[in-house]
Amino acid sequence: MKLLDFVVQKAIVPDLVVSSKDDAIKAMVSSLKDAGIFKADDEEGVVAAILKREELGSTGIGKGVAVPHTKHPSVDRLVATVAIAKNGVDFASLDGEDVYILFLLVSPPDRPGDHLRALETISKHLRNENFCNFLRQSKTAQDVYDLLEEADNDQLDQ
Amino acid sequence: MNKSESNKKVTVGLTNGLHLRPQSMIVQAAQGFESDVTLSIEGHKVDAKSMLDLMTLAATFGTELLLEATGSDAGSAVEAIGGLFDSNFEGMDS
């Protein structure tokens, strides 16, 4: 699986400025809605489902990264967006550090394998420090998209 | 301290596979031991103390993994983390 198989180009948020975890999630879901991924009526439900998942344990996995996610019937395939928060967001992460890179995933209820493969793809690239550094330095949505494409094509040095 | 080695085959019993919550339970348990702890699928071996490592496993329901520990408390580490698999991560529903 490749990043651009599920990251929605139009929903990339290169300049996330928020003061809380909840606001970060709301902004990212709103961006997916604006990209036409689901109806406006579903936005609130998707946000609520992601926040409910966070209550079970933070998806701030450490090293400045969070992967908030949920299953939701409003999508018929796995979709995701990426946000870069230059100032960091307090995500109650496992290592206590703020997060700067966020991948938010929404998957159909009946496709757990796709969700695991998306996490695999994301983590594989995040283990490359160049990928993380370049992602955090991205200024525009196009910068982020180009970087994801380079990562997908294995064009980044390890 | 004596170095010892311990290992056990474990199977993913969660219908959603080894997703983020069970992974974080493994990391938290593994970090409590001095021993190096790894999980592997068909030769792809990762550090059980690292979320980013565990996420690369993408282990679906029914997948068999090899749990290995090396260090002074290897036996206890395998017992604790093997126990998480055996209990389906303390009775997680899916």
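Owing to the predicted nature of the structure, the values given are computational and were not obtained by experimental measurement.

The rules behind the values
- Residues numbered from 1 in each chain as written.
- Chains lettered and ligands numbered in written order.
- Predicted model: local features only at pLDDT ≥ 70, side-chain atom pairs only at ≥ 80, totals over all residues.
- Heavy atoms only, no water.
- Helix = DSSP H or I, 4+ residues; strand = E, 2+ residues; numbered from the N terminus.
- Contact = heavy atoms within 4.5 Å.
- Areas by Shrake-Rupley, 256 points an atom, 1.4 Å probe, with all protein chains shown as cover.
- Lys, Arg positive; Asp, Glu negative; His and termini not counted.
- Charge placed at Lys NZ, Arg CZ, Asp CG, Glu CD.
- Rg over C-alpha atoms; globule rule 2.2 N^0.38 Å.
- Buried < 20%, exposed > 50% of the residue type's maximum accessible area, 1.4 Å probe, protein only.
- 1 Å grid on protein atoms, 1.4 Å probe; cavity = no way out; pocket = protein on both sides within 12 Å on 5 of 7 lines; lining within 4 Å.
- Points joined across faces, edges and corners; volume = space filled by probe spheres on them.
- Nonpolar A, V, L, I, M, F, W, Y, C, P; charged D, E, K, R; others polar.
- Core = buried A, V, L, I, M, F, W, Y, C linked by side-chain atoms within 4.5 Å.
- Buried area = accessible area lost by both parts, 1.4 Å probe.
- Salt bridge = Lys/Arg side-chain N within 4 Å of Asp/Glu carboxyl O.
- Axes fitted to C-alpha atoms, helices over the stretch in contact; angles between N-to-C directions.
- Left-handed = near helix turned anticlockwise from the far one by under 90°.

Engineer: Account for the overall build of chain A, with residues named and values stated.
Structural biologist: Secondary structure assignment for chain A yields 6 helices and 5 strands. Taking all contacts inside chain A whose residues are at least 6 apart in sequence as the whole, residues at least 24 apart take part in 70%. Carbon together with sulfur atoms contributes 43% to the accessible area of chain A, which is approximately 7,400 Å² in total. Taken together, the 18 basic and 27 acidic charged side chains of chain A have centroids lying 3 Å from each other.

Engineer: I'd like a rundown of the overall build of chain B, residues and numbers included.
Structural biologist: Counting its secondary structure elements, chain B contains 4 helices and 4 strands. For chain B, the C-alpha radius of gyration of 12 Å lies close to 12 Å, the compact-globule estimate for 94 residues. Dimensions of chain B, computed from C-alpha atoms along their principal axes, come out at roughly 40 × 25 × 20 Å. Within chain B, the proportion of its 94 residues that are buried is 52%. Residue pairs in contact within chain B that sit at least 24 positions apart in sequence constitute 71% of those at least 6 positions apart. Across chain B, the centroid of the 6 positively charged side chains sits 1 Å from that of the 13 negatively charged ones.

Engineer: Can you tell me about the layout of surface pockets, naming the residues and giving the values?
Structural biologist: Of the volumes computed, that of the largest pocket is approximately 430 Å³. A:Arg53, A:His69, A:Lys71, B:Asn16 and B:Arg21 are the residues nearest the centre of the largest pocket, which is lined by 15 residues in total. Taken together, the elements giving at least two residues each to the lining of the largest pocket come down to helix H3 (40-55), strand S3 (69-71) and helix H4 (112-126) of chain A. The element best represented in the lining of the largest pocket is H3(A), accounting for 4 residues. Of the residues contributing to the lining of the largest pocket, the split by class is 3 nonpolar, 7 polar and 5 charged. Lining the second largest pocket are 13 residues, and of these A:Ile61, B:Val27, B:Gln31, B:Lys49 and B:Met51 lie nearest its centre. Of all the elements in the fold, those that place two or more residues in the lining of the second largest pocket are strand S1 (60-62) of chain A together with helix H1 (20-30) and helix H2 (51-55) of chain B. Looking at the lining of the second largest pocket element by element, the count peaks at 3 residues for H1(B).

Engineer: Give me the nonpolar core: which residues, what numbers.
Structural biologist: In terms of nonpolar packing, the biggest core is built from 59 residues, with A:Phe103, B:Ile26 and B:Phe85 touching the most fellow members. The contacts of A:Phe103, once residues within four sequence positions are left out, are A:Leu3, A:Val7, A:Met28, A:Ala66, A:Val67, A:Pro68, A:Thr81, A:Val82, A:Ile122, A:Leu126 and A:Leu135. With 26 residues, the next largest nonpolar core counts A:Val8, A:Ala35, A:Val75 and A:Val79 among its residues.

Engineer: Explain the interface of chain B and chain A residue by residue, including any values.
Structural biologist: When the parts of a complex come together, some accessible area is lost, and that lost area is often used as the size of the interface. Taken together, the contact between chain B and chain A spans 17 residues of the former and 19 residues of the latter. Summed over both partners, the interface of chain B with chain A buries about 1,600 Å², with 72% contributed by carbon and sulfur atoms. Looking only at chain B, the three residues that lose the most surface to chain A are B:Leu20, B:Leu52 and B:Met55, adding up to 38% of its buried area. The shortest N-O distance in the salt bridge between A:Arg127 and B:Asp53 comes to 2.7 Å.

Engineer: Before we move on, can you summarise the packing of helix H2 (residues 21-34) of chain A against H3(A) with the specific residues and values?
Structural biologist: Residues and elements named next belong to chain A. Across the interface, H2 lies against H3 with an axial gap of 10 Å and an inter-helix angle of 145°. Between H2 and H3 lies a crossing whose hand is right-handed. Across from Lys21, Asp22, Ile25, Lys26, Val29, Ser30 and Lys33 in H2, the residues of H3 making contact are Ala40, Glu43, Val46, Val47, Ile50, Leu51 and Glu54. Of the residues belonging to the contact of H2 with H3, the class tally is 7 nonpolar, 1 polar and 6 charged.

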